[in-house]
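# Structural characterization, general
In case you want the letters, here they are:
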Amino acid sequence: MELCAFIFDVDGTLADTEQDGHRVAFNTAFADAGLDWVWDPELYLDLLQVTGGKERIRFFCERFQPGFLERDETDDAIRALHARKTTRYAELVDQGRVRLLPGVAELIAEAREAGLRLAIATTTSPDNVTALLTANLGAESLGWFEVIGAGDVVQHKKPAPDVYAYVLRELNLPAEACLAFEDSVPGFASASAAGIPTLVIPSAQAAGEEFPGALAVVPSLADTSLSDLRTLHERPA
Ligand code: XBP
Ligand code: MG
């Protein structure tokens, strides 16, 4: 089937956001709230098995701070911490601390030129997508993406297929007419379960993992052209 649209994951795919962006923002939000929680890079790598910032904070508490979950209004407390974290993340991005990965801007430009439709399917919060795109590609780039499926737009985050199913519905395209870009095991599981041919560019959290059924696994988008991707997409599974 003809390739009509690219659907991009954000964290780990458009940019290497986790360790120097999200992790730092979580830690700053914890400090702002007077909590002595510190997520070091190794712990954070482990916590990344849970997608979604609010879900990740809860998972951390279940393991290491069970007392926090015994308080009243735990959901509100996690929501407030996460809102603070989102503000802190945007500050980091606005300061230019989170840059797009090699080849991403070029591929997006090539796809636009060729008239491909573009969309985003991510677990991260909508404000983070806005901040990242604006800081790196200019505010007008938000309009390049016909659909931005982000955060709580669906109840079940990756690895569930819901966010990709949502984006397909909004694009009104069958899965086979699209190509998804993912960096992680839960992300690949989500796109695959939605039936979308997926190119994997593994990030640090996916080192050594296998991606059975991926269109291809490549180290970077820097050497991947639109014509390479069309060829991969045409190849029978
Ligand atoms: C990204 C996530 C997000 C970010 C943090 O996964 O899991 O939770 O780590 O963003 P994916 P929020 O790349 O698979 O979409 O704190 O806004 O959730
Ligand atoms: Mg990702």
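Everything below is about the structure shown above.
Right, let's walk through the structure included here.

What counts, and at which threshold
Residues numbered from 1 in each chain as written. Chains lettered and ligands numbered in written order. Predicted model: local features only at pLDDT ≥ 70, side-chain atom pairs only at ≥ 80, totals over all residues. Heavy atoms only, no water. Near = heavy atom within 4 Å. Areas by Shrake-Rupley, 256 points an atom, 1.4 Å probe, with all protein chains shown as cover. Helix = DSSP H or I, 4+ residues; strand = E, 2+ residues; numbered from the N terminus. Nonpolar A, V, L, I, M, F, W, Y, C, P; charged D, E, K, R; others polar. Pairing = 2+ DSSP bridges. Contact = heavy atoms within 4.5 Å. Salt bridge = Lys/Arg side-chain N within 4 Å of Asp/Glu carboxyl O. Buried < 20%, exposed > 50% of the residue type's maximum accessible area, 1.4 Å probe, protein only.

## Notes on the site of ligand 1
Every one of the 18 residues lining ligand 1 counts as a neighbour, but Glu18, Gly53, Lys85, Thr124 and Ser125 are closest to it. Contact with the protein chains removes 97% of the 450 Å² of surface that ligand 1 exposes when unbound. For the shell around ligand 1, the elements supplying multiple residues, two or more each, are α1 (18-32), α3 (53-64) and α5 (74-94). When residues in the shell around ligand 1 are grouped by element, the largest group, three residues, is from α1. Of the residues contributing to the shell around ligand 1, the split by class is two nonpolar, ten polar and six charged.

## Topic: the sheet that holds strand β3 (residues 147-150)
The six strands lie next to each other as β3-β2-β1-β4-β5-β6, forming an open sheet whose pairing is parallel. Single-partner strands in this sheet number two, and they are β3 and β6 (216-217). Here four bridges tie strand β1 (residues 5-8) to strand β2 (residues 117-122), and the two strands are oriented parallel to one another. Each bridged residue has a counterpart across the sheet, and for phenylalanine 8 the counterpart in β2 is isoleucine 120.

## Some points on the environment of serine 125
Positionally, serine 125 belongs in the loop between β2 and α7 (126-137). C-alpha of serine 125 to C-alpha of serine 220: the two residues are 95 residues apart in sequence and 24 Å apart in space. Ignoring anything within four residues of it in the chain, the contact list for serine 125 reads His82, Thr86, Ala150 and Gly151.

## Things to note about the pattern of salt bridges
One pass over the structure, following the stated rule, counts 13 salt bridges. The partner of lysine 158 in a salt bridge is aspartate 9, and the shortest N-O contact between them spans 2.9 Å. Pair noted here: lysine 158 is in the loop between β3 and α8 (162-171) and aspartate 9 is in the loop between β1 and α1, with a separation of 149 residues, a long-range link. With a shortest N-O distance of 2.5 Å, arginine 58 and aspartate 75 are connected by a salt bridge. Here the residue arginine 58 occupies a position in helix α3, and aspartate 75 occupies one in helix α5, the gap between them amounting to 17 residues. Accessibility expressed as a relative area gives 30% for arginine 58, which makes it partly exposed. One network of salt bridges, with partners in common, ties together Asp32, Arg84, Arg88 and Glu91.

## Topic: the pairing of β1
Neither face of β1 is open: one carries Ala5 and Ile7, the other Phe6 and Phe8, and all of them are buried. Here four bridges tie β1 to strand β4 (residues 178-182), and the two strands are oriented parallel to one another. Bridge pairing links phenylalanine 8 to phenylalanine 181 in β4.

What is shown is where atoms sit, not what they do.
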